[in-house]
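A structural walkthrough
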Amino acid sequence: MSESLSLSVIVPVWREAATIQSFLQSLQPVRTAGHEVIVVDVGSDDGTADLARPWCDLVLVGAKGRALQMNAGADAARGNVLLFLHADTRLPETAIDHLESFFSTPEQWGRFDVRLSGRRTIFRVVAWFMNRRSRLTGIATGDQAMFVRTSAFRALQGFAPIPLMEDVELSKRLCSVSKPYCIGSPVTTDSRRWEQGGAWRTIFLMWRLRWRYWRGESPESLAAAYRADVRHAKS
């Protein structure tokens, strides 16, 4: 008898008290289907972890840093497929069906298309370019709800412990194992950061950081540049 899909959804969080319960409620069909949801906090001071406990299978408190959080969740996971989901991103209702189709293929990893929640036309354009770029390059970002077979993730020793571009870096290594399985039914990501920072400003910032990364600049200096730009945008 062939093995069936056993999914572990891993959610890194920090100070998500305002939305964590509604977000996790949207994942209850995943749990009802027999899969698990793991939340990894970093000691939020707003009660995020306590609010999350009734709505997930496990809450962990780990070291700060999204890569470290996701690795901690993966270490505790029981599923044969890991799905890394941001707390501002919602899966489509058909997610499990698509992941079961993925599981029947030889591919080792993949991602969803993405759409942004805002109604402005610019957000549709941004999402189109994100999805198109990903299909052309084979590189996925965290907003696209990356998923990977647990065996492949552990063989590659998970996410690199870097402060930025951990998703891009892992994608590059996964591409050496198999091409990504691309799911066209999109996840929906909150457009809040695009709206707060300005849509075009955020587009140029992310492309500029990615370009600097491809030229060999360290993730540490890129993270510092990102934080400085975000502070400037809010001032």
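Refer to the structure printed above.
Treat the numbers as computed from the prediction; the structure is a model and nothing was measured.

Conventions used here
Residues numbered from 1 in each chain as written. Predicted model: local features only at pLDDT ≥ 70, side-chain atom pairs only at ≥ 80, totals over all residues. Heavy atoms only, no water. Helix = DSSP H or I, 4+ residues; strand = E, 2+ residues; numbered from the N terminus. Expected span 1.5 Å × (residues − 1). Buried < 20%, exposed > 50% of the residue type's maximum accessible area, 1.4 Å probe, protein only. Arc of directions from axis to C-beta. Phe/Tyr/Trp six-rings, centres within 6.5 Å; stacked < 30°, edge-to-face > 60°. Lys NZ or Arg CZ within 6 Å of the ring centre and 35° of its normal. Pairing = 2+ DSSP bridges. Contact = heavy atoms within 4.5 Å. Axes fitted to C-alpha atoms, helices over the stretch in contact; angles between N-to-C directions.

A word on helix α6 (residues 121–137). With 17 residues, α6 extends 25 Å from end C-alpha to end C-alpha; this agrees with the ideal 24 Å at 1.5 Å per step. When α6 is considered as a whole, its buried residues turn out to be I122, F123, V126, A127, M130, N131, R133 and S134. The arc enclosing the buried residues of α6, seen along the axis, measures out at 165°, which places them on a common side. Exposed and facing more than 90 degrees away from the buried side of α6 are T121, W128 and L136. G138 sits one or two positions beyond α6 and adopts a positive phi of about 80°.

Counted according to the given criterion, the structure contains 7 aromatic pairs. Summarising the aromatic geometry, the rings of F102 and F147 are spaced 4.9 Å apart at their centres and angled 70° between planes, so their arrangement reads as edge-to-face. You can see F102 sitting in helix α5 (residues 95–103) and its partner F147 sitting in strand β7 (residues 147–149), a full 45 residues away along the chain. By relative accessible area, F147 is classed as buried at 1%. Aromatic pair F112 and F147: ring centres 5.7 Å apart, planes at 75°, arrangement edge-to-face. With a gap of 35 residues between them, F112 in strand β6 (residues 109–116) and F147 in strand β7 connect regions that are remote in the sequence. Grouped by ring-pair contacts, the aromatic residues F102, F112, F147 and Y181 constitute a single cluster. Between the NZ or CZ atom of K64 and the centre of the ring of W14, over which it lies, the distance is 4.3 Å. Above the plane of the ring of F123 lies R120, whose end atom (NZ or CZ) is 5.4 Å from the centre.

This next bit is on the sheet that holds strand β3 (residues 58–61). The 8 strands are arranged β3-β2-β1-β4-β7-β6-β8-β5 in an open sheet whose pairing can be described as mixed. Sheet topology places β3 and β5 (89–90) at the edges, where each strand pairs with a single neighbour. Across 4 bridges, the pairing between strand β1 (residues 7–12) and strand β4 (residues 81–84) is parallel. The residue of β4 that forms the bridge with S8 is L82. Where α5 meets the sheet, it contacts β1, β4, β6, β7 and β8 (181–189), and its direction lies at approximately 155° from that of β8.

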